[in-house]
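# Chain and residue survey
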Amino acid sequence: MKKRAVIALGHRALGTTLPEQMVAVKKTAKSIADLLEEGYQIAITHSNAPQVGMIHTAMNEFGKAHPDYTAAPMSVCSAMSQGYIGYDLQNGIREELLNRGIYRTVSTILTQVIVDPYDEAFYTPTKVLGRYMSVQEANEERKKGNYIIEEPGKGFRRVVSAPNPVEIVELDAVKALLDADQLVIACGGGGIPVMKQDNHLRGASAVIEKDLAAGKLAEGVGADILIILTSVEQVCINFGQENETKLGEITVREAREYMEQGHFGIYNMYPKFRASVEFIEKGECRSALITSFDKVKDGIHGKAGTIIR
């Protein structure tokens, strides 16, 4: 049987603007094609922070300029970002595969992820979104029930919650494509956050941490390895200090100890380690790799990156 991998693409693998994204995707596609040639079945997740922020701002500005239209809710903006990024990703990967003589379908699945409406994250929003606003605009957002923070000297910005992923709605579709040996792009940006109301799925004003969603996807499809791509080749502890140490291969127990000691902060490396540890602990013979997108091939052979077993 082929090994199965879930790859979480970070910001560097996608870029920020449309031209940056198109260039970045071509480079990222090479790393994914390398992994495919190593015999892996692959599901891909990705970040979407710059893209969803751009879409959210654009849709809100359009709504202001055209009273007949309404502003788009966060869940809709998240869906748009999945299509926008997936379009470039699947075409970039398809082109790279064809250049290597590999004929394989690459598909993007619009993916909804159920969150708990009572998740504590809804009471403490942390994810900053969109452009800077004036005092008047900020007050209007507050009247709508949205959270706003002030950045001194810059202005006001909206902040949304980041609840934990509970269940991937389209998981069976992802598994079916993987079983058919196809490449799948799913859970983009952590998935479209939705809340379950009987048979109805209602969009939530939130964003889901993409690394946690990647771990949930890896668990759901029975992956052998979770690969989280970031801006550094290896993770460090005691970062910026004299005793700074790069982490090579470590155990789950060591990873947990480093997390508890506060080496990874809250919003940077911590979600990556949490997703990796939870994924590994829920199955046998699993591993996780955290590295840069250009070191994937070396990483799976134990020659680069931070490996957790």
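Report follows, based on the coordinates. The structure displayed is predicted, hence computed values, not measured ones.

Adjacent strands of a sheet pair through backbone hydrogen bonds, lying either parallel or antiparallel. Within the open sheet, the four strands sit side by side as β8-β4-β10-β11. Their pairing is mixed. On the outer flanks of this sheet lie β8 (167-168) and β11 (200-203), each paired with one strand and no other. Sheet analysis places strand β4 (residues 112-114) next to β8, joined by two bridges and oriented antiparallel. Its bridge partner lying in β8, valine 113 is registered against isoleucine 168.

The next subject is the environment of glycine 92. Here glycine 92 is to be found in helix α3 (residues 74-99). Placed 68 residues apart in sequence, glycine 92 and alanine 24 show a C-alpha to C-alpha distance of 9.5 Å. With sequence-adjacent residues up to four places away left out, glycine 92 is seen in contact with Val25 and Ala29.

Okay, the layout of surface pockets next. To find leftover empty space, a probe the size of one water molecule is rolled over the atoms. Considering only enclosed or pocket space, the largest pocket measures out at about 640 Å³ in volume. Ser47, Ala49, Lys127, Glu209 and Lys210 are, among the 29 residues lining the largest pocket, the residues nearest its centre. The set of elements that each furnish at least two residues to the lining of the largest pocket consists of α2 (49-65), β5 (127-133), β7 (155-160), α6 (210-221), β12 (225-230) and α8 (270-281). Each residue belonging to the lining of the largest pocket can be placed in one class, and the counts come to 11 nonpolar, 11 polar and seven charged.

This paragraph deals with α6. An ideal rise of 1.5 Å per residue puts 16 Å on 12 residues; α6 measures up with 16 Å between its terminal C-alpha atoms. With nine of its 12 residues buried, α6 lies for the most part within the structure. Packed against the buried residues of α6 are β1 (3-9), β2 (40-46), β8, α5 (171-179), β12 and α8. Within two residues after α6, glycine 222 carries a phi angle of roughly 70 degrees, on the positive side.

As a further point, take the pairing of β7. Note on strand geometry: in a regular strand, side chains alternate between the two faces of the sheet. Counted residue by residue, β7 has six buried out of six residues, so it is predominantly covered. In the sheet, β5 pairs with β7 via four bridges, with the strands oriented antiparallel. Following the sheet pairing, methionine 133 is matched in β7 by phenylalanine 156. Between strand β6 (residues 147-151) and β7, which pair antiparallel and follow one another directly, the connecting turn spans three residues, one of which, glycine 153, has a positive phi of 80 degrees.

The next subject is the pattern of salt bridges. Across all of its chains, the model carries 23 salt bridges by this definition. Between glutamate 96 and arginine 100 there is a salt bridge; the shortest N-O distance is 2.8 Å. A salt bridge links aspartate 211 to lysine 210; its shortest N-O distance comes to 2.8 Å. Relative accessible area serves as the criterion here: at 0%, aspartate 211 is assigned to the buried category. A single network of salt bridges, built from pairs that share partners, joins Lys30, Asp34, Glu37, Glu96 and Arg100.

With that settled, consider unusual backbone geometry. Positive phi is not limited to glycine here, since aspartate 181 has a value of about 65 degrees. Position of aspartate 181 among the secondary structure elements: in the loop between α5 and β9 (183-185). Positive phi outside glycine occurs at aspartate 198, with the angle close to 55 degrees. Relative to the elements of secondary structure, aspartate 198 occurs in the loop between β10 (192-197) and β11.

Two elements in contact, α5 and α6, have axes separated by 10 Å at closest approach and are oriented at 60 degrees. One element, α5, and the other, α6, form an angle in the oblique class. As α5 packs across α6, the resulting crossing turns out to be right-handed. In contact with Leu171, Val174, Lys175 and Leu178 of α5, α6 contributes Leu217, Gly220 and Val221. Residue composition of the contact of α5 with α6, grouped by class: five nonpolar, one polar and one charged.

The antiparallel open sheet is built from three strands, whose spatial order is β5-β7-β6. Pairing within the sheet leaves two strands with one partner each, and these edge strands are β5 and β6. Sheet twist, expressed as the mean angle between neighbouring strand axes with direction ignored, is 35 degrees. Inspection of the sheet shows β6 paired to β7 by five bridges, in the antiparallel sense. The residue bridging isoleucine 148 from the neighbouring strand is arginine 158, located in β7.

Reading the values: rules and limits
For every chain, the first residue of the written sequence is number 1, and numbering continues from 1 onward in sequence order. The predicted nature of this model means local features are confined to residues of pLDDT at least 70 and side-chain atom pairs, given and counted, to a pLDDT of 80 or more, with totals for whole chains, interfaces and linings taken over all residues. To obtain the side-chain values, all non-hydrogen atoms of the structure were used and water was disregarded. At least two DSSP bridges between two strands are needed for those strands to be called paired. Segments assigned H or I by DSSP are reported as helices when at least four residues long, segments assigned E as strands when at least two residues long, and all are numbered from the N terminus. Whether two residues touch is decided by their heavy atoms; if any such pair falls within 4.5 Å, the residues are in contact. A cavity, in this analysis, means grid points on a 1 Å lattice covering only the protein atoms where a 1.4 Å probe fits yet has no way out; a pocket is instead an open set bounded by protein on both sides within 12 Å along at least five of seven lines, and a residue lines either one if it has an atom within 4 Å of a point. Grid points are joined across faces, edges and corners, and a volume is the space filled by probe spheres set on the points. When residues are sorted by character, Ala, Val, Leu, Ile, Met, Phe, Trp, Tyr, Cys and Pro go into the nonpolar class, Asp, Glu, Lys and Arg into the charged class, and all the rest, Gly among them, into the polar class. Helix span, expected: 1.5 Å multiplied by one less than the number of residues in the helix. Each residue's exposure class comes from its accessible area (1.4 Å probe, protein chains only) as a fraction of the maximum for that residue type: buried when under 20%, exposed when over 50%, partly exposed otherwise. The term salt bridge refers to a pairing of a side-chain nitrogen on Lys or Arg with a carboxyl oxygen on Asp or Glu at a separation within 4 Å. Convention adopted: a line fitted to C-alpha atoms gives each axis, helices being fitted over their contacting stretch, and angles between N-to-C directions are expressed from 0 to 180 degrees. Oblique is the label for any angle not under 35 degrees, not over 145, and not in the 65 to 115 range, which are roughly parallel, roughly antiparallel and roughly perpendicular in turn. Should the near helix be turned anticlockwise from the far one by less than a right angle, the crossing is termed left-handed; should it be turned clockwise, right-handed.

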